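# Tertiary structure, described
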Amino acid sequence: MSNMEKHLFNLKFAAKELNRNAKKCDKEEKAEKAKIKKCLLLLCLKQAIQKGNTEVARIHAENAIRQKNQTINFLRMSARVDAVAARVQTAVTMGKVTKSMAGVVKSMDATLRSMNLEKISALMDKFEQQFETLDVQTQQMEDTMSSTTTLTTPQNQVDMLLQEMADEAG
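Residues numbered from 1 in each chain as written. Predicted model: local features only at pLDDT ≥ 70, side-chain atom pairs only at ≥ 80, totals over all residues. Heavy atoms only, no water.

Glancing now at the UniProt feature "coiled-coil region" (unreviewed entry) in the chain. Summarizing the sequence annotation, UniProt attributes the feature "coiled-coil region" (unreviewed entry) to residues 117-144 in the numbering used throughout. End-to-end, the C-alpha atoms of residues 117-144 are 40 Å apart, and along that stretch the chain is 100% helix and 0% strand. (UniProt positions renumbered as here; feature names shortened; annotations may be inferred. Helix = DSSP H or I, 4+ residues; strand = E, 2+ residues; numbered from the N terminus.)

Next up on the list: the nonpolar core. Taken as a class, soluble globular proteins show a tendency for nonpolar side chains to be buried jointly. A15, L18, A22, C25, F74 and V81 form the largest nonpolar core, which has six residues in total. Counting residues per element, the ones that place at least two in this core are α1 (3-49) and α2 (55-114). Tallying contributions element by element places α1 first for this core, with four residues. What V81 contacts, discounting residues up to four positions off in sequence, is L11, A14, A15 and L18. (Core = buried A, V, L, I, M, F, W, Y, C linked by side-chain atoms within 4.5 Å. Buried < 20%, exposed > 50% of the residue type's maximum accessible area, 1.4 Å probe, protein only. Contact = heavy atoms within 4.5 Å.)

To continue, consider the pattern of salt bridges. Pairing is possible between side chains of opposite charge, provided their charged atoms come close. Applying the stated criterion to the full structure yields two salt bridges. We note a salt bridge from E5 to K96, for which the minimum N-O separation is 2.9 Å. Of this pair, E5 sits in helix α1 while K96 sits in helix α2, and the two are 91 residues apart along the sequence. The salt bridge involving K30 is made with D26; its shortest N-O contact spans 3.6 Å. One end of the pair is K30 and the other is D26, both in helix α1 and four residues apart, which spans about a single turn. (Salt bridge = Lys/Arg side-chain N within 4 Å of Asp/Glu carboxyl O.)

Another aspect to go through is a nonpolar patch on the surface. A cluster of nonpolar residues, V104, M108, L112, M115, L117, I120, M124, F127, F131 and L134, forms a patch on the protein surface that exposes about 1,000 Å² of accessible area. At the level of elements, α2 and α3 (117-152) are the ones that each hand at least two residues to the nonpolar patch. Mapped onto the elements, V104 comes out in helix α2. (Patch = residues over 30% accessible without salt bridge, like charges linked within 9 Å, V, L, I, M, F, W, Y side chains within 5 Å. Areas by Shrake-Rupley, 256 points an atom, 1.4 Å probe, with all protein chains shown as cover.)

On to the side chain of T71. Inspection of the secondary structure puts T71 in helix α2. Of the residues examined, T71 reaches a relative accessible area of 8% and is grouped as buried.

Rendered as structure tokens:
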């Protein structure tokens, strides 16, 4: 694994960790909101008894807002790290493509240097001739097989089967 690929892995890992932290903060924000509701319900009961203290509900509200802001910050950082990881991934991929292309160019150079057009032309002519011979032999074999198959099957049975199938089909 190259150094660049290790960095890419670390960036992706960091992005996942930031996403986990964002989810954790989001959960904590919801918990704080639930505490606010609970405090407000208790306050409503207490206010019936005595006027005043909303300090506990304020503390939970501040905590909820802080957790929400923390969630947004983690998500923002995660998105930035993902963008950097994507750029690193592109760089790694381009490096691999460049190496592959260099190998192809070297191979093509070697092939072009060793290419003899007269030999290739003669080889292609011979291939075409052999292909035509094979085509003729294949056709002869098919004709022979067809005639033997026809000879082994009684013609009247074939005609009867065809008539039967035609009758069924209407």
